[in-house]
Amino acid sequence: QGGSDAIKMIMENSNLFTVDIHVTPTWGEDMSTYNPDFHKYDLVVINYGGTTWAEATRKNFEKFVSNGGGVVIVHSSVVPMDDWKEYNVMISMGAWNGRNEKDGPYVYWQDGKTVYDYSPGWAGYHGLQHASTITNRSLDHPIMEGLPTVWEHFKDEIYARLRGPGRNMEILATTYEDAGDGRGGRHEPMLWTVNYGKGKVFVTLLGHAGNDPELRYAMECTGFQVTLLRGAEWAATGQVSQPVPKDFPSEGIMTLRKEFKAPFNAE
């Protein structure tokens with residue numbers, strides 16, 4: 001709840017979006033009661049970690065995206081619904097919940113290109129939360145255009161060793177992370193896009209949050225907020241009209257928007 005409230009504030013404070021929040025039933029309740037009219041919206045932001053949606057809801061969502069609807073996937077939303085094939089195609093890579101080589105390759109960045117690694121193994125790792133250095137890998141993509149090549153992200157839960165279908169995917173940004181398995185570190189995707197039918201999907205692994213408003217500090221990072229907004233606009237419209245703000249972090253410098261909105265001198 002705390003994360004969803006922060007996302008709503010970030011998006012509406014930008015004056016680009018009007019946001020409704022649709023909350024699923026809790027664990028053990030009837031998921032068939034959750035079936036929003038996705039087609040009323042230009043964009044669906046998924047901030048979710050629960051039971052797989054009911055079949056009718058899944059089919060409605062697949063139709064929404066394939067017909068051109070925009071989607072943003074936030075952080076741990078790559079973990080649930082591992083048994084929904086099309087969702088895993090949309091997110092391109094997932095973690096935990098029994099995912100392994102049967103679900104597709106590891107995907108990461110090495111020597112200036114995307115690597116698809118079909119070696120066997122589990123999917124999903126994170127260590128203690130920490131700050132990280134983000135590297136822009138797609139300088140000309142509308143979401144990333146004009147952003148610094150290297151910038152600092154505030155304390156967050158950094159995911160590594162994701163794997164999945166990896167189709168129609170473009171890595172936008174990475175960070176170097178060691179999964180602690182003796183295989184050494186590598187440049188793990190943190191931001192990427194996926195094309196699904198006529199729809200566009202933007203995935204950000206940044207932005208860990210809990211129900212407690214004090215546990216959403218990763219979402220206070222200016223880099224998280226700005227890339228979320230730029231990714232959301234791109235997913236909804238195919239373009240980005242937002243200028244790069246003056247308070248965006250850079251190499252060696254991190255910045256926060258603790259009120260989830262740009263300061264008066266950000267443009």
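By convention here, each chain's residues receive numbers from 1 onward along its written sequence. Owing to the predicted nature of the model, reporting of local features is limited to residues with pLDDT of at least 70; listing and counting of side-chain atom pairs is limited to 80 or more, with chain, interface and lining totals taken over all residues. Only hydrogens and water are removed before side-chain values are computed, so all heavy atoms of the structure are retained for them.

### Some words on the overall build of the protein
As a reminder, the rule being used: To qualify as a helix, a DSSP run of H or I must reach at least 4 residues; to qualify as a strand, a run of E must reach at least 2; elements of each kind are numbered from the N terminus. Each residue is assigned to one of three classes by its accessible area relative to the maximum for its type, calculated with a 1.4 Å probe on protein chains only: buried under 20%, partly exposed between the two thresholds, exposed over 50%. Only heavy atoms enter the contact rule, under which two residues are in contact if any of them lie within 4.5 Å. Each accessible area is a Shrake-Rupley result for a 1.4 Å probe, and residues are judged covered by the shown protein chains and nothing else. Charge counting treats Lys and Arg as positive and Asp and Glu as negative, with His and both chain ends excluded. We put the charge of a Lys on NZ, of an Arg on CZ, of an Asp on CG and of a Glu on CD.
A count of helical and extended segments in the protein gives four helices and nine strands. Expressed as lengths along the three principal axes of its C-alpha atoms, the size of the protein is roughly 45 × 45 × 35 Å. In the protein, which comprises 267 residues, the proportion classed as buried is 51%. Within the protein, contacts between residues separated by at least 24 positions form 64% of all contacts whose residues are at least 6 apart in sequence. For the protein, the exposed area adds up to about 12000 Å²; of that, 48% sits on carbon and sulfur atoms. Averaging the positions of the 24 positive and the 34 negative side-chain charges in the protein gives two centres separated by 4 Å.

### A few points about helix α1 (residues 2-13)
Which entries qualify depends on this criterion: Under the convention used throughout, the expected extent of a helix is 1.5 Å for every residue step, that is, one less than its residue count.
Between its first and last C-alpha, α1 extends 16 Å over twelve residues, near the 16 Å set by a 1.5 Å rise per residue. Here α1 has its buried residues at Gly 2, Gly 3, Ser 4, Ala 6, Ile 7, Ile 10 and Met 11. Of the residues flanking the end of α1, it is Asn 15, one or two places downstream, whose phi is positive at about 65°.

### Details of the packing of aromatic side chains
Formally: Aromatic pairs are defined between Phe, Tyr and Trp rings, using the six-membered ring for Trp, whenever the two ring centres lie within 6.5 Å; interplanar angles under 30 degrees are classed as stacked, those over 60 as edge-to-face, and all others as tilted. Only when the NZ atom of a Lys or the CZ atom of an Arg is both within 6 Å of the ring centre and within 35 degrees of the ring normal do we say a charge sits over the ring.
For the coordinates displayed, the defined rule picks out 13 aromatic pairs. Where Trp 84 meets Tyr 87, the ring centres are 5.3 Å apart and the plane angle is 20°; that geometry is what we call stacked. Owing to a relative accessible area of 0%, Tyr 87 belongs among the buried residues under this scheme. Cluster of aromatic residues (ring-pair linked, three or more members): Tyr 34, Phe 38, Tyr 48, Trp 53, Phe 61, Phe 64, Trp 84 and Tyr 87. Of note, Arg 163 hangs over the ring of Tyr 106, and the distance from its end group to the ring centre comes to 4.0 Å. Taking the ring centre of Tyr 106 as reference, the NZ or CZ of Arg 186 above it sits at 5.0 Å.

### Brief notes about the pairing of strand β2 (residues 70-74)
We apply this condition: Pairing between two strands requires that DSSP report at least two bridges joining them. With strands facing away from the observer, any crossover in which the path from the first strand over the helix to the second runs clockwise is taken as right-handed.
By the criterion of burial, β2 is predominantly enclosed, with five of the five residues buried. Every second residue of β2 is oriented toward a common face, with Gly 70, Val 72 and Val 74 on one face and Val 71 and Ile 73 on the other, all of them buried. Two elements, strand β1 (residues 43-46) and β2, share four bridges in a ladder whose sense is parallel. In the sheet register, Leu 43 faces β2, and the bridge partner there is Gly 70. Crossover β1 to β2 through helix α2 (residues 55-66) is right-handed. Where β2 and strand β9 (residues 199-204) come together, five bridges link them in parallel fashion. If you follow Val 71 over to β9, its bridge partner there is Val 201.

### Some thoughts on the nonpolar core
Rule in force here: To qualify as a nonpolar core, a set must consist of buried Ala, Val, Leu, Ile, Met, Phe, Trp, Tyr and Cys residues joined through side-chain atoms within 4.5 Å.
Ile 46, Trp 53, Phe 61, Ile 73 and Val 78 are the most contacted members of the largest nonpolar core, which totals 66 residues. Sort the elements by how many residues they give to this core and helix α4 (residues 222-237) lands first, with seven residues. When neighbours within four sequence positions are excluded, Val 78 is seen to be in contact with Ile 73, Ile 91, Met 93, Gly 94, Ala 95, Arg 99, Tyr 159, Leu 162, Val 203 and Leu 205.

### Details of the environment of Tyr 41
Put simply, the rule is: N or O atoms closer than or at 3.5 Å make up a polar contact, with two conditions inside protein: a donor-capable atom paired with an acceptor-capable one, and, for residues adjacent in sequence, both atoms drawn from side chains.
Summarising the element assignment, Tyr 41 is placed in the loop between α1 and β1. As for Tyr 41 and Phe 64, which are separated by 23 residues in sequence, their C-alpha atoms are 9.2 Å apart. Only 2.8 Å separates the side chain of Tyr 41 from the side chain of Asp 20, close enough to count as a polar contact. A polar atom in the side chain of Tyr 41 sits 2.9 Å from the side chain of His 22.

### Some thoughts on α2
Note the cut-off: Directions pointing from the helix axis toward each C-beta atom define the arc.
End to end, α2 covers 16 Å across twelve residues, agreeing with the expected 16 Å (1.5 Å per residue, within 8%). Turning to α2, its buried residues number three or more, namely Thr 57, Phe 61, Glu 62, Phe 64 and Val 65. Along the long axis of α2, the arc covered by the buried residues comes to 160°, so they all point the same way. The outward face of α2, more than 90 degrees from its buried face, is lined by the exposed residues Glu 55 and Lys 63. Those residues of α2 that are buried lie in contact with β1, β2, α3 (85-91), β8 (185-196) and β9. Directly beyond the C-terminal end of α2, a positive phi value near 120° is found at Gly 68.

This is a description of form; function is not addressed.
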